[in-house]
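Residues per chain are reported as follows:
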Amino acid sequence: MEQLENFFHMGGYGFYVWLSYGITLIVLLLNYVMPRTREKKLVDRLNQISKMKGQGENES
Amino acid sequence: MWKWITKYASPMHFYLLANRLTPWFGWSAAVLFAVGLYGAFFYAPADYQQGESFRIIYIHVPSAWMSMFVYMVMAGAGAAGLIWKTKVSDAVARSCAPLGASFTFLALATGSLWGKPMWGTWWVWDARLTSELILLFLYLGYIALQSAIDDRRTAARAGAILALVGVVNIPIIHYSVIWWNTLHQGPTISKLDSPSIHIDMLIPLLVMALAFNLYFAAMVLIRARMEIVEQEKNSKWVQELIVDKVSV
């Protein structure tokens, strides 16, 4: 338990060390999540367009 | 070789290749991040002067290296786009910008969080910090330019020219700590003959640097393949591969 406390304390620099790592984690995750959501939206849109086209062709 | 290059310069083949490579880069990055972080916190000893605060080095230095490396990739891809007018290289250049901006931001933010306890200040206008800030503005300028110009070709060309002009900043960042002696410490790693860092501290740093590189490779491919689908959305192969999901 004390060991864990010491680990998070980082010799008094805990705030700086953990904030650095926290910011890095958030930025690296966002750089993955954001393009993936954009990609999904793009594919959904393409699917929708193709469906609408398909319906149009069937009617005519 | 040339045949291979021209093959993967075609958007469809690049898309397929990117799809196949992304998980390899992504998972090997994840593994190396785990190994590197273990090394950074449990293997590397505390610094005799800076204590535990020096552990910020394991994200600060790789981010700073990546901020410059990604810029060179962006400028290189931009130049290739200018010369050979390949759509793939434009997509790669475009995809580099947000990643490069992120790495630059991380280098500045973690540097600031390291500077506060060590130097006693969040920020100083010294050459290294200022030139790195200029790099951030170059990336942001590139992104703004891309979103300001609707025509993709024109945007790619304008961006490539901006990126190439900005290359002049890269050696300035690299040599700034040698040319101007200020608060930022001098190079410790790049003196390859005798790096002034202990080997137990160096190994996790190199692992983290490799992890950052692989992470970048995976993320730039994810972005580039999306750019390509967007560019080619009316073509037959996008329809077949992505909408109808025909396997090749």
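Just above, that's the structure.
Residues numbered from 1 in each chain as written. Chains lettered and ligands numbered in written order. Predicted model: local features only at pLDDT ≥ 70, side-chain atom pairs only at ≥ 80, totals over all residues. Heavy atoms only, no water.

All right, on to a nonpolar patch on the surface then. All names here are of chain B. A cluster of nonpolar residues, Y38, F42, Y43, I199 and I203, forms a patch on the protein surface that exposes about 540 Å² of accessible area. Among the elements of the structure, α2 (11-43) and α8 (199-231) are those that each provide at least two residues to the nonpolar patch. When residues of the nonpolar patch are assigned to their parent elements, the largest contribution, three residues, is made by α2. Position of Y43 among the secondary structure elements: in helix α2. The exposure class of Y43 is partly exposed, given its relative accessible area of 42%. (Patch = residues over 30% accessible without salt bridge, like charges linked within 9 Å, V, L, I, M, F, W, Y side chains within 5 Å. Areas by Shrake-Rupley, 256 points an atom, 1.4 Å probe, with all protein chains shown as cover. Salt bridge = Lys/Arg side-chain N within 4 Å of Asp/Glu carboxyl O. Helix = DSSP H or I, 4+ residues; strand = E, 2+ residues; numbered from the N terminus. Buried < 20%, exposed > 50% of the residue type's maximum accessible area, 1.4 Å probe, protein only.)

All names here are of chain B. At a minimum axis separation of 9 Å, helix α5 (residues 127-148) and helix α6 (residues 152-166) run at an interaxial angle of 170°. As summarised for this structure, α5 and α6 are arranged roughly antiparallel, according to the angle between their axes. For the pair α5 and α6, the crossing hand works out as right-handed. Between α5 and α6, the contacting residues are L138, G141, Y142, L145 and Q146 on the first element and A155, A156, A158, G159, A160, L162, A163 and G166 on the second. Looking at the contact of α5 with α6 residue by residue, the class counts come to nine nonpolar, four polar and no charged. (Axes fitted to C-alpha atoms, helices over the stretch in contact; angles between N-to-C directions. Parallel < 35°, antiparallel > 145°, perpendicular 65-115°, else oblique. Left-handed = near helix turned anticlockwise from the far one by under 90°. Contact = heavy atoms within 4.5 Å. Nonpolar A, V, L, I, M, F, W, Y, C, P; charged D, E, K, R; others polar.)

The biggest cluster of nonpolar side chains holds 77 residues, and the ones touching the most others in it are B:F14, B:Y58, B:Y71, B:M74, B:F103 and B:F216. Element by element, the count of residues in this core is highest for α8(B), at 19 residues. (Core = buried A, V, L, I, M, F, W, Y, C linked by side-chain atoms within 4.5 Å.)

Our focus in this paragraph is the interface of chain A and chain B. Each side of the interface is counted separately: chain A has 27 residues, and chain B has 40 residues. Of the roughly 3,000 Å² buried between chain A and chain B on both sides combined, carbon and sulfur atoms contribute 72%. The tally of links from chain A across to chain B stands at three salt bridges. Here B:R225 and A:E39 are joined by a salt bridge, their closest N and O atoms 2.7 Å apart. Scanning the region where chain A abuts chain B turns up six residue pairs in polar contact (both at pLDDT 80 or more). Among the elements that line the side of chain A that touches chain B, the one with the most residues is helix α2 (residues 14-59) of chain A, at 23 residues. (Buried area = accessible area lost by both parts, 1.4 Å probe. Polar contact = N/O pair within 3.5 Å; in protein donor to acceptor, adjacent residues only side chain to side chain.)

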